[in-house]
Amino acid sequence: MEQIPVTLTVNGKKVQRFVEPRTLLIHFLREELNITGPHIGCETSHCGACTVEMNGMSVKSCTVFAAQANGAEMTTIEGMANPDGTLSALQEGFRQMHGLQCGFCTPGMITRAHTLLKENPNPSEEEIRMGIAGNLCRCTGYQNIVKAIQYAAEQLNQPETQEAAE
Ligand code: FES
Ligand code: FES
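I will try to describe carefully the structure that is included in this document. (Residues numbered from 1 in each chain as written. Chains lettered and ligands numbered in written order. Predicted model: local features only at pLDDT ≥ 70, side-chain atom pairs only at ≥ 80, totals over all residues. Heavy atoms only, no water.)

## Quick look at the overall build of the chain
Alright, step 1. Helices and strands together make up the secondary structure of the chain, namely five helices and five strands.
Alright, step 2. Going from N to C terminus, the chain has its helices and strands arranged as β-β-α-β-β-β-α-α-α-α.
Alright, step 3. Along the longest, intermediate and shortest principal axes, the C-alpha atoms of the chain span 60 × 35 × 25 Å.
Alright, step 4. Counting over 166 residues, the chain shows a buried share of 43%.
Alright, step 5. Considering only contacts in the chain between residues 6 or more positions apart, those separated by 24 or more positions represent 56%.
Alright, step 6. About 9,200 Å² of surface is accessible on the chain, with carbon and sulfur atoms providing 49% of the total.
Alright, step 7. When the 12 basic and 18 acidic side-chain charges of the chain are each reduced to a single mean position, those positions are 7 Å apart. (Helix = DSSP H or I, 4+ residues; strand = E, 2+ residues; numbered from the N terminus. Buried < 20%, exposed > 50% of the residue type's maximum accessible area, 1.4 Å probe, protein only. Contact = heavy atoms within 4.5 Å. Areas by Shrake-Rupley, 256 points an atom, 1.4 Å probe, with all protein chains shown as cover. Lys, Arg positive; Asp, Glu negative; His and termini not counted. Charge placed at Lys NZ, Arg CZ, Asp CG, Glu CD.)

Okay, here's the thing in structure tokens:
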């Protein structure tokens with residue numbers, strides 16, 4: 001099949017490949033770039049296990065063609081840790097609050113939560129639950145995922161709080 005050129009930036013690294021027009025972004029990430037954190041949990045765009053951040057938005061990469069991502073800036077779970085290798089507030093929150101069990105939904109869940117906290121840095125419990133409604137988890141019952149996101153929001157808001165207190 002005819003291949004078309006695609007250039008995009010993933011986790012700060014520019015990549016250039018030729019892809020078939022039908023190649024899904026999730027397959028491109030996993031099979032071509034070996035970015036295997038984002039997962040595939042369904043064929044109907046419900047589960048959100050494939051969630052990545054594309055041009056600042058949460059996107060289910062099973063429902064985008066790689067060719068449509070041409071020129072995009074993308075972040076996956078692999079790009080979440082701090083540059084010094086320590087965990088991001090969200091990753092730490094999921095660990096501390098036991099927001100994962102099998103871990104299969106976690107890359108999508110954390111990537112979604114990352115974008116959610118940019119959209120709404122101080123969400124209520126209801127806003128968190130609504131904000132991750134596109135991400136299914138079969139293990140946790142969500143309660144500890146909510147706590148993990150609250151933990152991260154608190155951590156991320158801390159410098160401001162300190163500044164305000166000064
Ligand atoms: S794999 Fe389920 S929404 Fe993408
Ligand atoms: S931790 Fe298993 S699906 Fe969420």
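## What to know about the packing of helix 2 (residues 89–96) against helix 3 (residues 106–119)
How two helices sit against one another is set out by the angle between their axes and by the gap between those axes.
Alright, step 1. Where helix 2 meets helix 3, the axes come as close as 10 Å, and the angle between the chain directions of the two elements is 125 degrees. Taken together, the axes of helix 2 and helix 3 are oblique relative to one another. Helix 3 is crossed by helix 2, and the crossing has right-handed handedness. Residues Leu90, Gln91 and Phe94 of helix 2 lie in contact with helix 3, whose contacting residues are Thr106, Met109, Ile110, Ala113, His114 and Leu117.
Alright, step 2. For the contact of helix 2 with helix 3, a count of residues per class yields six nonpolar, three polar and no charged. (Axes fitted to C-alpha atoms, helices over the stretch in contact; angles between N-to-C directions. Parallel < 35°, antiparallel > 145°, perpendicular 65-115°, else oblique. Left-handed = near helix turned anticlockwise from the far one by under 90°. Nonpolar A, V, L, I, M, F, W, Y, C, P; charged D, E, K, R; others polar.)

## Points about the sheet that holds strand 4 (residues 57–60)
Each strand in a sheet pairs with its neighbour through backbone hydrogen bonds, running either in the same direction (parallel) or in the opposite one (antiparallel).
Alright, step 1. Read across the sheet, five strands follow the order 2-1-5-3-4 without closing on themselves; strand pairing throughout is mixed. With one partner strand each, in any of the chains shown, strand 2 (13–19) and strand 4 form the two edges of the open sheet. Here the average twist between neighbouring strands, direction ignored, is 40 degrees.
Alright, step 2. Looking at chain direction, strand 1 (residues 4–10) and strand 5 (residues 73–75) are connected through two bridges and run parallel. (Pairing = 2+ DSSP bridges.)

## What to know about the pattern of salt bridges
Alright, step 1. For the structure shown, the criterion picks out six salt bridges.
Alright, step 2. Between glutamate 32 and arginine 17 there is a salt bridge, with the nearest N and O atoms lying 3.0 Å from each other. With a gap of 15 residues between them, glutamate 32 in helix 1 (residues 25–32) and arginine 17 in strand 2 connect regions that are remote in the sequence.
Alright, step 3. Residue glutamate 32 is classed as partly exposed on the basis of its relative accessible area, which comes to 40%.
Alright, step 4. A residue is classified by how much of its surface remains accessible, and arginine 17, at 29% relative accessible area, is partly exposed.
Alright, step 5. We note a salt bridge from arginine 22 to glutamate 20, for which the minimum N-O separation is 2.6 Å.
Alright, step 6. The exposure class of arginine 22 is exposed, given its relative accessible area of 55%. (Salt bridge = Lys/Arg side-chain N within 4 Å of Asp/Glu carboxyl O.)

## A short note on helix 1
Alright, step 1. Within helix 1 the residues assigned to the buried category are Leu25, Ile26, Phe28 and Leu29. Projection of helix 1 onto a plane perpendicular to its axis shows the buried side chains occupying an angular sector of 165 degrees, all on one side.
Alright, step 2. Tucked into the core, helix 1 has its buried residues touching strand 1, strand 2, strand 3 (51–54) and strand 5.
Alright, step 3. Within two residues after helix 1, asparagine 34 carries a phi angle of roughly 60 degrees, on the positive side. (Arc of directions from axis to C-beta.)

The quantities given are spatial measurements derived from coordinates; they are silent on function.
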